[in-house]
Amino acid sequence: IAVDQYVFWMYELDDAPKKIQSAEEELEQLEENQMAIEEELVPLAEEFAKLMANPLVKLDHFCDECSWHRGTSCASRVEYLMNTYRDSKVKAQVALMENTPSCDRQNGETSVTVIGRRETGRHLA
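The following paragraphs examine the structure supplied in this document. (Residues numbered from 1 in each chain as written. Predicted model: local features only at pLDDT ≥ 70, side-chain atom pairs only at ≥ 80, totals over all residues. Heavy atoms only, no water.)

This part takes up unusual backbone geometry. Here Arg 70, not a glycine, exhibits a phi torsion of approximately 50 degrees, which is positive. Among the residues examined, Arg 70 registers a relative accessible area of 77% and is labelled exposed. Phi at Arg 86 takes a positive value of approximately 55 degrees, unusual for a residue other than glycine. (Buried < 20%, exposed > 50% of the residue type's maximum accessible area, 1.4 Å probe, protein only.)

Once that is clear, we can look at the nonpolar core. Counting residues in hydrophobic clusters, the biggest one holds 11 residues: Phe 62, Cys 63, Cys 66, Trp 68, Cys 74, Val 78, Leu 81, Ala 92, Leu 96, Met 97 and Cys 103. At the level of elements, α2 (74–85) and α3 (89–99) are the ones that each hand at least two residues to this core. Filtering out sequence-adjacent residues up to four positions away, Met 97 remains in contact with Val 57, Lys 58, Leu 59, His 61, Phe 62, Cys 103 and Asp 104. (Core = buried A, V, L, I, M, F, W, Y, C linked by side-chain atoms within 4.5 Å. Helix = DSSP H or I, 4+ residues; strand = E, 2+ residues; numbered from the N terminus. Contact = heavy atoms within 4.5 Å.)

A word on a negative patch on the surface. Together, Glu 24, Glu 25, Glu 28, Glu 31 and Glu 32 make up a region of like negative charge exposed at the surface. Mapped onto the secondary structure, Glu 25 falls in helix α1 (residues 3–53). The partly exposed category is assigned to Glu 25, whose relative accessible area is 46%. (Patch = residues over 30% accessible without salt bridge, like charges linked within 9 Å, V, L, I, M, F, W, Y side chains within 5 Å. Areas by Shrake-Rupley, 256 points an atom, 1.4 Å probe, with all protein chains shown as cover. Salt bridge = Lys/Arg side-chain N within 4 Å of Asp/Glu carboxyl O. Lys, Arg positive; Asp, Glu negative; His and termini not counted. Charge placed at Lys NZ, Arg CZ, Asp CG, Glu CD.)

This part takes up a nonpolar patch on the surface. A cluster of nonpolar side chains, contributed by Ile 1, Val 3, Tyr 6, Val 7, Phe 8, Trp 9, Met 10, Tyr 11 and Leu 13, occupies part of the molecular surface with about 1000 Å² of accessible area. Following the sequence through the fold, Tyr 11 ends up in helix α1. Assessed through its relative accessible area of 56%, Tyr 11 is described here as exposed.

Turning our eyes to something else, we now look at α2. Spanning 12 residues, α2 covers 16 Å between terminal C-alpha atoms, matching the ideal 16 Å at 1.5 Å per step. Within α2, the full set of buried residues consists of Cys 74, Arg 77, Val 78 and Leu 81. When α2 is viewed along its axis, its buried side chains cluster within an angular range of 105 degrees and face the same direction. Residue Arg 86 follows α2 closely and has a positive phi angle near 55 degrees. (Expected span 1.5 Å × (residues − 1). Arc of directions from axis to C-beta.)

Taking 1.5 Å as the rise per residue, α1 with 51 residues should run 75 Å; its terminal C-alpha atoms sit 71 Å apart, in good agreement. At Asp 15, α1 is bent by approximately 40 degrees, the largest bend along its length, and proline Pro 17 sits one to four residues beyond. (Bend = angle between axes of the 7 residues up to and from the residue.)

What follows is about the pattern of salt bridges. Evaluated as defined, the whole model comprises 2 salt bridges. A salt bridge links Glu 12 to Lys 19; the nearest nitrogen and oxygen atoms lie 3.5 Å apart. For Glu 12, a relative accessible area of 30% translates into the label partly exposed. The partner of Asp 87 in a salt bridge is Lys 91, with the nearest N and O atoms 3.8 Å apart. Here Asp 87 falls in the buried class, since its relative accessible area comes to 7%. Under the relative-accessibility criterion, Lys 91 is labelled partly exposed at 35%.

Attention shifts here to the packing of aromatic side chains. Remark: the centre distance and the inter-plane angle together describe each pair of aromatic rings, the angle taken between the planes. A full pass over the atoms with the stated rule returns 2 aromatic pairs. Relative to Trp 9, the ring of Phe 8 has its centre 5.3 Å away and its plane inclined at 75 degrees; by these criteria the two rings are edge-to-face. Owing to a relative accessible area of 49%, Trp 9 belongs among the partly exposed residues under this scheme. The interplanar angle of 85 degrees and the centroid separation of 6.4 Å between the aromatic rings of Tyr 80 and Tyr 85 together place this pair among those described as edge-to-face. (Phe/Tyr/Trp six-rings, centres within 6.5 Å; stacked < 30°, edge-to-face > 60°.)

Encoded structure:
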């Protein structure tokens, strides 16, 4: 083995404990962050389940694949509302189901209806 390679490997071996300790500290910090995020998700998951089960909100009736208007799916329209008006996904879905019965599969309706009513005066649903 060449001297320069030997010196390189000696420095690597000398630095190994520091690198291992640093990696372990980083891993510990990432695990703590993951646990904190998971704890934050528990109430959100519970709230999501309540929303999905709420008969007034009817999020479980939303039809992603149904046609909103002229070949545009209801899911595409939700994305548009979210991106254009910075609405949450839930708000966009509820507004769309209120204004477009074809996106609400409660009664199996899948026909395109006349569009044009404004939701809260801000945008077309």
